[in-house]
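The lines below spell out each chain.
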Amino acid sequence: MHPDLAKLIELQALDHELRSEHDQIAAHTKSLAGADTHASSAAAQLSRLRDSIAKEEALRRREESDIADLRQKLDRAQKKIDFATTTAQVTALEHEIAFLKSEISRLEDQELESMERSETLEADHATAQQANADAVAALERERARSAHETAAARSKIIGLESRRTALRAEIVQAPTGDTSLATYDRIARGKGNAVAQALDHKCTACQMMVRPQRWNDLIDNTPESPASQSLMTCENCGRLLYYDPARDAPQRKPAAPDHPESIAAQIVRNSM
Ligand SMILES: [Zn+2]
């Protein structure tokens, strides 16, 4: 393996961890926004129901006042009928009384309907109040959880960033480090992961076969081999390839108790 490659694999692991921490922060932000939207809509629903209840009450007050007016008119008409002197006057008053009675009855029916609507609204209001209280509590929990987890992720990011800076500085100090790092950065910008493991004659990133001659070069770990002298790339996806003998074709090589630790595992262990 090219001496810069092991460090690039470690750099990729750090970059991956950093992305994952940033993704987690974004997920917390999104989840908090979701809880906030939910609480807002619960509050809006509660407010709409309060308005509707108030409107029904105002409507009934108007109806009651109208009924009271009509009852006064009815009272007057009923008194007047006792003093009516002509048949025409009596007929006119009887018509008025009949009309007033039917209006009063119509308004009373409306008032009853309004009371029924209010009952439904009150029940909905109680449900909405509970839903609103639940949404507010959920929002508070989410706010606390998000703040806690985001702070943890931020502090992890600070640690990872400082390890990353140190590792990049270390890579640059190697004779070919500048070029290797520039290659890594260029591929990572385009593809996310710049380094891919070659396993069972394939690039594990794009799944394309590695040609036999290239494969032989890649698995040759002697200091003079092409894989030790220069960075080898996948001919299909262009990622930097590395070969880890410990992980290749495990089905053909049953694991022995002293099974060698994989290069990736060594890197992970050494970077802890
Ligand atoms: Zn590939």
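Source: prediction; values computed, not measured.

Asker: When you look at the layout of surface pockets in this model, what are you seeing that I'm missing?
Answerer: Quantified by volume, the largest pocket comes out at close to 180 Å³. Contributing to the lining of the largest pocket are 10 residues, with Ile9, Gln12, Ala13, Val195 and Tyr242 lying nearest its centre. The residue makeup of the lining of the largest pocket, split by class, is six nonpolar, four polar and no charged. Domain assignment of the residues forming the lining of the largest pocket places at least three in each of domain 1 (3–172) and domain 2 (194–271).

Asker: When you look at the domain arrangement of the chain in this model, what are you seeing that I'm missing?
Answerer: Accessible area lost when the parts come together is the quantity often used to give the size of an interface. For the chain, the assigned domains are domain 1 (3–172) and domain 2 (194–271). With centres defined by C-alpha atoms, the gap from domain 1 to domain 2 works out at 59 Å. At the junction of the two partners, domain 1 supplies eight residues and domain 2 supplies nine residues. Taking both sides of the interface into account, the surface hidden between domain 1 and domain 2 amounts to around 850 Å²; carbon and sulfur atoms contribute 72%. In terms of surface lost to domain 2, no three residues of domain 1 exceed Leu5, Ile9 and Gln12, which account for 56% of the buried area on that side. Run the count over domain 1 and domain 2 and you get two residue pairs in polar contact (both at pLDDT 80 or more). Element by element, the count of residues in the side of domain 1 that touches domain 2 is highest for helix H1 (residues 3–83), at seven residues. A per-class count over the side of domain 1 that touches domain 2 returns five nonpolar, one polar and two charged.

Asker: It is not clear to me how a negative patch on the surface should be interpreted in this structure. Could you clarify?
Answerer: A contiguous patch of negative charge on the surface is contributed by Asp109, Glu113, Glu116 and Glu119. If you trace the backbone, Asp109 turns up in helix H2 (residues 87–173). The class for Asp109 is partly exposed, based on a relative accessible area of 44%.

Asker: Just to check I follow, could you spell out the coordination of the zinc ion for this structure?
Answerer: Angles at a metal have ideal values that depend on geometry: 109.5 degrees with four tetrahedral donors, 90 or 180 degrees with six octahedral donors. Only Cys203 (SG), Cys206 (SG), Cys234 (SG) and Cys237 (SG) from the protein coordinate the zinc ion, and they sit 2.2 to 2.3 Å from it. If you look at the zinc ion, its four donor atoms make angles of 102 to 118 degrees with each other, and the shape they trace is tetrahedral. Donor residues binding the zinc ion come from one chain and are separated in sequence as C-x2-C-x27-C-x2-C. You can call Cys203 buried: its relative accessible area is 0%. Look at Cys206 and you get partly exposed, because its relative accessible area is 22%.

Conventions used here
- Here, residues in each chain are numbered from 1, in the same order as that chain's written sequence.
- This being a predicted model, a pLDDT of at least 70 is required before a residue's local features are given, and a value of 80 or more before pairs of side-chain atoms are given or counted; all residues contribute to the totals for chains, interfaces and linings.
- The side-chain quantities take in all heavy atoms of the structure and omit both hydrogens and water.
- Only protein atoms enter the 1 Å grid, on which a cavity is a set of points fitting a 1.4 Å probe that cannot get out and a pocket is an open set with protein on both sides within 12 Å along at least 5 of 7 lines, lining residues being those with an atom within 4 Å of a point.
- Grid points are joined across faces, edges and corners, and a volume is the space filled by probe spheres set on the points.
- Only Asp, Glu, Lys and Arg are considered charged, only Ala, Val, Leu, Ile, Met, Phe, Trp, Tyr, Cys and Pro nonpolar, and every remaining residue, Gly among them, polar.
- Marked domain ranges trace back to an automatic or database domain assignment.
- We call two residues contacting when some pair of their heavy atoms lies within 4.5 Å.
- Two parts placed together each lose some accessible area under a 1.4 Å probe, and adding up what both lose gives the buried area.
- For the purposes of these results, a polar contact is taken to be a pair of N or O atoms within 3.5 Å, where, inside protein, one atom must be able to donate a hydrogen and its partner to accept one; residues adjacent in sequence count only when each atom of the pair is a side-chain atom.
- To qualify as a helix, a DSSP run of H or I must reach at least 4 residues; to qualify as a strand, a run of E must reach at least 2; elements of each kind are numbered from the N terminus.
- Like-charged residues within 9 Å of one another, or nonpolar side chains (Val, Leu, Ile, Met, Phe, Trp, Tyr) within 5 Å, are grouped into patches, provided each residue has over 30% relative accessible area and no salt bridge.
- Note on areas: Shrake-Rupley with a 1.4 Å probe; residue coverage comes only from the protein chains shown.
- Every case where a carboxyl oxygen of Asp or Glu lies within 4 Å of a side-chain nitrogen of Lys or Arg is listed as a salt bridge.
- Counted as positive: Lys and Arg. Counted as negative: Asp and Glu. His and the chain ends are not counted at all.
- Note on charges: their place is set at NZ of Lys, CZ of Arg, CG of Asp or CD of Glu.
- Only protein chains enter the area calculation, which uses a 1.4 Å probe; residues under 20% of their type maximum are buried, those over 50% are exposed, and those in between are partly exposed.
- The donor set covers N, O and S atoms within 2.8 Å of the metal, switching to 3.2 Å for Na, K and Ca, and it leaves out water, so a site may look short of donors.
- Note on geometry labels: four donors, all angles 85 to 135 degrees, give tetrahedral; four donors become square planar and six octahedral when opposite donors are over 155 degrees apart and every other angle is between 65 and 115; remaining cases are irregular.

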